[in-house]
Amino acid sequence: MGESRRPLGALFWVCLAFIVLVILAAALANFLPIPSPTAQDYAAINTGPSLHHLLGTDDLGRDLLSRIIFGARVSLVIGFGSIAIGLLIGGTLGLLAGFRGGATDAVINAGSFVILAFPPLLAIVVIVAFWGRSLWKLTLIIGIAAIPQLFRVIRASTMSYANRDFITAARAMGASTRRIIVRELLPNVAPSAISFALVGVAVVIVLEGSLAFLGLSVSLPTPSWGNIIFEGASNNNLQLNPFIALWPALAMFLLLTSLNIVGDRLREHFDVREGGL
Amino acid sequence: MRERTDGGVLLAYLAKRLVELTAVVFLISILAFLLVHLLPGDPSVAILGPFDTPSARAEVLRQLGLNRPLPMQYLTWLGNVLHGNLGRSFLTKQTVATTIGEAFPIDLELVVVSQVLAFAVAIPLALVAARRPNRALDRLATATTFGMLSVPAFILAVLLALVLAVEVHAFPASGFTHLSNGVIPNLKSVALGSIALAAGSVAVYFRLLRSELISTLQEDFITMARAKGLSTRYILMRHALRPSSFSLLASAGINIGSLLTGAFVVEYLFQLPGIGYQIIVSIDSRDYLMVQGMALVVAVAYVLVNFAADLLLGVLDPRVRRG
């Protein structure tokens, strides 16, 4: 009998292509034929779209397309970097706690509840304020904040497999805990973990934007999507040239929607319902 | 084994939650205390900045006891906090407690207005959508709210400011008007911020209530009500809405907690001097004792709101407390 998985659909591939496009543009930004994101063109201040500046310029004559492409780096590094930290630590703990159960599970689970009880934005804002706000510090702080969330998802998913027959069979054949976790559990848990992680990346990108609005993300003039939108909303720029804020807002909206749709479709696709078996 | 009574289960549940609550509050206090030690160099120098006079330094040393072993410092600090002494700003000379007393009502107003707006939109919309699932109206509402989940509050706030304040001049672009200057000017000054905060809630509440309603409408007692010839409208309002609203209530509880702490961006952008705004202003002026005191109070408030929401849910829905 064939697999009766829900098809991913065309929209999934369009969204995935957009995510890949943004990642490629950000990675190859130095090689693209665009001006420097901090270069000021005094002959073109607050201009609309033109051949020289495809999305126009801001109040300092800087190319908006270039600022958006370079700004994507900050959003993507913090977004994917912190979720990678969360997945690595939270995921490992989740697999271990879900498979072992007992005291291991009880201790790690209680710890995750305590961390989840904190208001996340407040904790991040305050720690950034006291400790500093370089790119790697932001990524690390948000990554640590993401650990308990990812732990809980992966633990729950591991538990649903831990007592299946194929795990018992592997155990009976004398497989070590490490082998069972890596070879038997991980491949089954990975799809749902990845779909949850993609939605997590979207949440973190919004968080970076919020921090930028509060002046707590990477320092200017380094562009990030959050601080370009913030610049576009301050100094009367909304009256003079609303596009400074609107273009990066549109870019962020499209990326967030794409991440949410890709995550959502993956979850539906890999969701093995008992009724379908 | 002895059957436990319903009251016994509720008491055990309460006790368990109370122990958790105490542990979390204790941990928050330790973390808030340790924050000052994240400051680079001598914390008293960072805290005082340009106000570094011998008498001010003596005051900081007394407040924090920085020259003594860490556990002793913590106990001194905790003793002060428990007596309501959260410290004093070296910049404005105002006590942290006074600042919180002035700022908190603004947060409360933002939360109440935004949640009233969110419920007023989400509940009728969910009732209409769930009545005919997967038809045009339902699909439109579901797709729109999915899209709204991808619009961060700060982008919505910028769009609202652009359209309603800059282009149309319907609302003031920033600033807070106190209630003593009239109800309408006061509501107008928090309107844009409240709408920006409400939008995210609308999306979450609509999606939750819609799916709960659709599954409730499959139940036998609904079929029974239909067989009795009751109108769809009556069934939706009187039979389906209440059993479908538990998860709505739970998420509203969590949401209100996070709005209390998460209104930072909206308050900062619209210059509404709530606690979020005050924390950011204190960070900008390196007023570290102010940040520490407010963070402690807000974190404890957040935990208490979540605790209350959990408790309420436990009382309303017996399934929760039975685990």
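Residues numbered from 1 in each chain as written. Chains lettered and ligands numbered in written order. Predicted model: local features only at pLDDT ≥ 70, side-chain atom pairs only at ≥ 80, totals over all residues. Heavy atoms only, no water.

Some remarks on the overall build of chain B
Quick reminder of the rule: Only runs of H or I of at least four residues qualify as helices and only runs of E of at least two qualify as strands under DSSP, and these elements are numbered from the N terminus. Buried residues are those whose accessible area, probed at 1.4 Å on protein chains only, stays under 20% of the maximum for their type, while exposed residues exceed 50% and partly exposed ones sit between those limits. We call two residues in contact whenever any of their non-hydrogen atoms come within 4.5 Å of each other. For accessible areas, the Shrake-Rupley method is used with a probe of radius 1.4 Å. Any residue's cover is judged against the shown protein chains and nothing else. All tallies of charge rest on Lys and Arg as positive and Asp and Glu as negative; His and the ends of each chain are not included. Taken as the charge centre is NZ of Lys, CZ of Arg, CG of Asp or CD of Glu, depending on the residue.
Helix and strand counts for chain B come out as 15 helices and zero strands. Projected onto its principal axes, the C-alpha coordinates of chain B cover approximately 85 × 70 × 35 Å. Counting only residues that meet the buried cut, chain B has 43% of its 323 residues in that class. A separation of at least 24 residues holds for 72% of the contacts in chain B among residues at least 6 apart in sequence. Accessible surface computed for chain B: about 16,300 Å², of which carbon and sulfur atoms make up 66%. Charged side chains in chain B number 25 positive and 19 negative. The centres of these two groups are separated by 9 Å.

Points about the overall build of chain A
Scanning chain A from N- to C-terminus turns up 10 helices and zero strands. Helices and strands appear in chain A in the N-to-C order α-α-α-α-α-α-α-α-α-α. Principal-axis analysis of the C-alpha atoms gives chain A an extent of 75 × 50 × 30 Å. In the form shown here, chain A has an accessible surface area of approximately 13,200 Å², with 67% of it arising from carbon and sulfur atoms. Between the mean site of the 18 positive side-chain charges and the mean site of the 14 negative ones, chain A shows a separation of 10 Å.

Topic: the pattern of salt bridges
The following threshold applies: Whenever Lys or Arg places a side-chain nitrogen within 4 Å of a carboxyl oxygen from Asp or Glu, that contact is recorded as a salt bridge.
Scanning the model with the defined rule gives five salt bridges over all chains in all. The salt bridge involving Arg267 of chain A is made with Asp264 of chain A; its shortest N-O contact spans 3.1 Å. Of this pair, Arg267 of chain A and Asp264 of chain A both sit in helix α10 (residues 243–270), three residues apart, which is roughly one turn of the helix. For Arg267 of chain A, a relative accessible area of 41% gives the class partly exposed. The salt bridge involving Asp138 of chain B is made with Arg210 of chain B; its shortest N-O contact spans 2.6 Å. Here the residue Asp138 of chain B occupies a position in helix α6 (residues 136–148), and Arg210 of chain B occupies one in helix α8 (residues 183–216), the gap between them amounting to 72 residues.

A few points about the interface of chain B and chain A
Many descriptions give the size of an interface as the accessible area lost when the pieces come together. What counts, and what does not: Once two parts are joined, some of their accessible surface, as seen by a 1.4 Å probe, is lost; buried area is that loss totalled over both. Polar contact is defined as a pair of N or O atoms within 3.5 Å, subject to the rule that within protein one atom must be able to donate a hydrogen and the other to accept it, and that residues adjacent in sequence are counted only when both atoms are side-chain atoms.
At the interface, 39 residues of chain B touch 35 residues of chain A. Note on chain B versus chain A: buried area summed over both sides is about 3,200 Å², and carbon and sulfur give 87% of it. Between chain B and chain A we count zero salt bridges in total. Where chain B packs against chain A, one counts two residue pairs in polar contact (both at pLDDT 80 or more). Only α1 (6–35), α6, α7 (153–167), α11 (246–262), α12 (264–269), α13 (275–284) and α14 (288–316) of chain B provide two or more residues apiece to the side of chain B that touches chain A. In terms of residues, the side of chain B that touches chain A owes the most to one element, α14 of chain B, which gives eight residues.

Thoughts on the environment of Leu122 of chain A
Tracing the sequence through the fold places Leu122 of chain A in helix α4 (residues 120–131). Excluding anything up to four places from it in sequence, Leu122 of chain A contacts Thr261, Phe264, Ile279, Ala295, Val298 and Ala299 of chain B.

With respect to the side chain of Lys137 of chain A
Residues and elements named next belong to chain A. Within the secondary structure, Lys137 is located in helix α5 (residues 135–162). Buried within the structure, Lys137 lacks any salt-bridge partner; Glu208 is the closest side chain of opposite charge, at an N-O distance of 16 Å. For Lys137, the residues in contact, after removing those within four places along its chain, are Trp131 and Gly132.

Focus: a nonpolar patch on the surface
Worth spelling out the cut-off: Like-charged residues are merged into a patch within 9 Å and nonpolar side chains (Val, Leu, Ile, Met, Phe, Trp, Tyr) within 5 Å, provided each residue has over 30% relative accessible area and no salt bridge.
On the surface, Val20, Leu24, Leu28, Phe31 and Leu32 of chain A cluster together into a nonpolar patch covering about 480 Å² of accessible area. You can see Leu24 of chain A is positioned in helix α1 (residues 10–27).

Comments concerning the confidence of the model for chain A
Residue and element names in this part refer to chain A. Where we set the bar: pLDDT: the predictor's confidence for each residue, scored from 0 to 100.
In the predicted model, chain A carries a mean pLDDT of 82, and 92% of its residues have values of at least 70. Mean pLDDT values over the elements of chain A span from 74, in helix α9 (residues 237–240), up to 91, in α1. Low confidence marks residues 273–277, where pLDDT is under 50. Its contacts with residues over four positions away, or in another chain, come to three contacts.

Description of the packing of helix α2 (residues 64–100) of chain A against helix α7 (residues 177–213) of chain A
The packing of two helices is summarised by the inter-axis angle and the distance between the axes. All names here are of chain A. Filter applied, for reference: Axes here mean lines fitted to C-alpha atoms, for a helix over just the part in contact, with angles spanning 0 to 180 degrees between N-to-C directions. In a left-handed crossing the near helix is turned counterclockwise from the far helix by less than a right angle, and in a right-handed crossing that turn is clockwise. Only Asp, Glu, Lys and Arg are considered charged, only Ala, Val, Leu, Ile, Met, Phe, Trp, Tyr, Cys and Pro nonpolar, and every remaining residue, Gly among them, polar.
Interhelical geometry of α2 versus α7 gives an angle of 145 degrees and a closest axis separation of 8 Å. In terms of crossing hand, the pair formed by α2 and α7 is right-handed. Its residues placed into classes, the contact of α2 with α7 shows 18 nonpolar, five polar and two charged.

Concerning a positive patch on the surface
All names here are of chain B. The grouping of Arg131, Arg132, Arg135 and Arg233 at the surface amounts to a positive patch. Position of Arg131 among the secondary structure elements: in helix α5 (residues 96–131). Residue classification places Arg131 among the partly exposed residues on the basis of a relative accessible area of 43%.

Considering the packing of aromatic side chains
Residues and elements named next belong to chain B. Worth spelling out the cut-off: When the centres of two rings from Phe, Tyr and Trp lie within 6.5 Å, Trp using its six-membered ring, the rings pair. Their planes under 30 degrees apart give stacked, over 60 give edge-to-face, and anything left gives tilted.
This structure, assessed with the given rule, holds eight aromatic pairs over all chains. Look at Phe26 and Tyr74: their rings are 6.5 Å apart centre to centre, the planes differ by 80 degrees, and that puts the pair in the edge-to-face class. A residue pair is termed long-range when its members are at least 10 positions apart, and Phe26 in helix α1 and Tyr74 in helix α4 (residues 70–82) qualify at 48 residues. The partly exposed category is assigned to Phe26, whose relative accessible area is 47%. A relative accessible area of 10% means that Tyr74 is categorised as buried. Aromatic pair Phe33 and Tyr74: ring centres 5.4 Å apart, planes at 70 degrees, arrangement edge-to-face.

Observations concerning α8 of chain B
Let me state the cut-off plainly: By definition here, a helix of n residues has an expected span of 1.5 Å times n minus one. Bending is quantified residue by residue as the angle between axes fitted to the seven-residue window ending at that residue and the seven-residue window starting at it.
Spanning 34 residues, α8 of chain B covers only 41 Å between terminal C-alpha atoms, well under the ideal 50 Å at 1.5 Å per step. Maximum bend of α8 of chain B: about 45 degrees, positioned at Ala191 of chain B.

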